[in-house]
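Topology and contacts: notes
These are the residues of each chain, in order.
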Amino acid sequence: MKTALNDTLRPLDTTIPDPALICMIGPAGSGRTTLAGTWPSNQVLELDRMRAMVSGCAGDQGATADAVAVLHTMLEARLARKLTTVIDMTSTEATVRARLVQPARRHGVPAVAIMVTPPASVCIERQAARTPERAVPEDVVRRQHAEAVAAFPGLRGEGFDRVVFASQVHRLEPLLQRASETCPAELGWDGHDGLGDLLLVRRTFGSEVLPLWRWRAGSMLAGGDRVGEIRLGPDRLVLALRTDIDGEGDLGFDLLVGCPHDDCDAPAWQSVHSVTDLLIAHTSTTGPHPDTVCTLHGRPDDVDQEADDHALQELREATGSSR
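Numbering of residues starts from 1 in every chain and runs along the sequence as written. For this predicted model, a pLDDT threshold of at least 70 governs which residues receive local features, and a threshold of 80 or more governs which side-chain atom pairs are given and counted, while totals over whole chains, interfaces and linings are taken from all residues. Note that water and hydrogens are dropped before the side-chain values are worked out from all heavy atoms of the structure.

What counts as a helix is a DSSP run of H or I of at least four residues, what counts as a strand is a run of E of at least two, and both are numbered from the N terminus. Helices and strands together make up the secondary structure of the protein chain, namely 10 helices and 11 strands. Only protein chains enter the accessibility calculation, which uses a 1.4 Å probe; a residue is then buried when its area is under 20% of its type maximum, exposed when over 50%, and partly exposed in between. For the protein chain, the proportion of its 323 residues judged to be buried stands at 36%. Two residues qualify as a contact provided that any one of their heavy atoms is within 4.5 Å of a heavy atom in the partner residue. Counted over contacts in the protein chain with a minimum sequence separation of 6, partners at least 24 positions apart contribute 60%.

This part takes up a nonpolar patch on the surface. Here, patches come from residues exposed beyond 30% relative accessible area and free of salt bridges, joined within 9 Å for like charges and within 5 Å for nonpolar side chains (Val, Leu, Ile, Met, Phe, Trp, Tyr). In these tables, accessible area is a Shrake-Rupley quantity obtained with a 1.4 Å probe, and a residue counts as shielded only by the protein chains included in the view. Definition used for salt bridges: Asp or Glu carboxyl oxygen within 4 Å of a side-chain nitrogen of Lys or Arg. Judged by side-chain polarity, L172, L175 and L176 come together as a nonpolar surface patch covering roughly 270 Å² of accessible area. Looking at where L176 falls in the secondary structure, it is placed in helix α7 (residues 172-187).

What follows concerns the sheet that holds strand β5 (residues 162-165). Whenever strands of a sheet pair, they do so through backbone hydrogen bonds, lying parallel or antiparallel. Strand order in the open sheet made by the five strands is β2-β3-β1-β4-β5, with parallel pairing throughout. On the outer flanks of this sheet lie β2 (44-46) and β5, each paired with one strand and no other. Strand-to-strand, the axes of this sheet are offset by a mean angle of 20°, without reference to chain direction. For strand β1 (residues 21-25) and strand β3 (residues 85-88), the ladder comprises three bridges, and the chain directions are parallel. Looking at β3, one finds that C23 is bridged to I87. Those strands touched by helix α2 (residues 47-55) are β2 and β3, and its axis lies near 65° from that of β2. The rule for pairing is simple: two strands pair if DSSP sees at least two bridges between them. Note on geometry: axes are C-alpha line fits, over the in-contact stretch for helices, and angles between N-to-C directions span 0 to 180 degrees.

With respect to the secondary-structure elements, S219 resides in the loop between β6 (213-216) and β7 (227-232). Throughout this description, a polar contact denotes any pair of N or O atoms lying within 3.5 Å of each other; where both atoms belong to protein, one of them has to be capable of donating a hydrogen while the other can accept it, and for residues adjacent in sequence the pair is counted only when both atoms sit in side chains. Engagement of the side chain of S219 in a polar contact is seen with the backbone nitrogen of L221, the distance being 3.2 Å. With residues up to four places along the chain from it excluded, the contact list for S219 reads D225 and V227.

What follows deals with the packing of α2 against helix α3 (residues 64-80). Direction vectors running N to C along α2 and α3 enclose 115°, while the axes themselves pass 8 Å from each other. As summarised for this structure, α2 and α3 are arranged roughly perpendicular, according to the angle between their axes. Considering the relative orientation of α2 and α3, their crossing is right-handed. Here α2 contributes L47, M50, R51 and V54 to the contact with α3, which in turn contributes T64, D66, A67, V68, V70, L71 and M74. Split by residue class, the contact of α2 with α3 holds eight nonpolar, one polar and two charged. Any angle that is under 35 degrees is reported as roughly parallel, and any over 145 degrees as roughly antiparallel; angles of 65 to 115 degrees are reported as roughly perpendicular and all others as oblique. Definitions for this section: a left-handed crossing has its near helix turned counterclockwise from the far helix by less than a right angle. A right-handed crossing has that turn clockwise. Classes in brief: Ala, Val, Leu, Ile, Met, Phe, Trp, Tyr, Cys and Pro nonpolar; Asp, Glu, Lys and Arg charged; the others, Gly included, polar.

Before going further, it helps to examine the sheet that holds strand β8 (residues 235-245). Pairing within the open sheet is antiparallel, and its six strands lie in the order β6-β7-β8-β9-β10-β11. On the outer flanks of this sheet lie β6 and β11 (293-294), each paired with one strand and no other. Note: β6 against β7, four bridges, orientation antiparallel. Residue pairing in the sheet places R214 in a bridge with E229 of β7. Against the sheet, helix α9 (residues 275-283) touches β7, β8, β9 (250-257) and β10 (268-272), its axis set at about 130° to β8.

Any two of the Phe, Tyr and Trp rings considered here, Trp counted by its six-membered ring, make a pair once their centres fall within 6.5 Å; the pair's planes then place it as stacked at under 30 degrees, edge-to-face at over 60, or tilted in between. Within this structure, the stated rule accounts for five aromatic pairs. For the pair F152 and F165, a centre-to-centre distance of 4.9 Å together with 45° between the ring planes defines the contact as tilted. Of this pair, F152 sits in the loop between α6 (138-151) and β5 while F165 sits in strand β5; the two residues are 13 residues apart in sequence, bridging distant segments of the chain. Ring geometry for W213 against F253: centres 5.6 Å apart, planes inclined by 75°, an arrangement best described as edge-to-face. Of the two residues, W213 sits in strand β6 while F253 sits in strand β9, which places them 40 residues apart along the sequence. Across this residue pair, the class does not change: W213 and F253 are buried. These aromatic residues form a ring-pair network of at least three members: F205, W213, W215 and F253. The rule for a charge over a ring is simple: NZ of Lys or CZ of Arg within 6 Å of the ring centre, and within 35 degrees of the ring normal. The ring centre of W39 lies 3.6 Å from the NZ or CZ of R171, which sits over that ring. The positively charged end of R226 is found above the aromatic ring belonging to W215, 4.2 Å away from the centroid.

This is the structure:
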């Protein structure tokens, strides 16, 4: 039984050999990077990424020469190993393309040009969504578009073995294939542990936090809810996994923070919904968040000081604390 409309059923593209040098040709905003992203990231050499590596800013045009040098060094090493390599830069100038084709020829790797040339107006409109340092002026985009269109008839003569248009390159299948292999591994469906209970951590705080995360076995700090911590050197953030927020069965994290009341050492918790919340809480110098909830005092505006003092004394006696 068919599971997709006929118009969406496309075969795996067989016009692009493996290995190959795959050179994207198109102006800024053409969609080159989106298409290049359908190949594994370790096969893609992106000029913007190289600029960021050498200067700290992907849009630093003054770093282009150094970025190109890094890109060509990596390209030479990959082609010498007969590895498929995707070049993600405009490549609208013949001299630029020549420097890409030459090492492919030297190492006996086929060179493929992919024309990524939607209407110039589309490329220009896409600049509006970019940050100022990444946006390319309209006159530059138009020039790049004109250069790409003019280059098409002569690409085979430049040494490209195949020339194809992006609209004819079917890359959804390999993208889905890679995702279908990654997701089961992360979920543990492949017979291994996968990310398991770290899936929620990654979804909430991002993949960079995962290597720093540890669950605390048997901790009762959060009243029976599971406790974990993010630790890096002397820095530590302690969090509780809440499994029934507001009685609605929602999942989320609370960060262990200081109680806003003086002389209180009872645990207090602040809801955090993203890694940005963690950053703000970790660096804040403005005092407790208004949503902080102390396990003894409640929220900052819950005032029953006499009862709180009595409960605090009982807590200290029970824990042996003299503070």
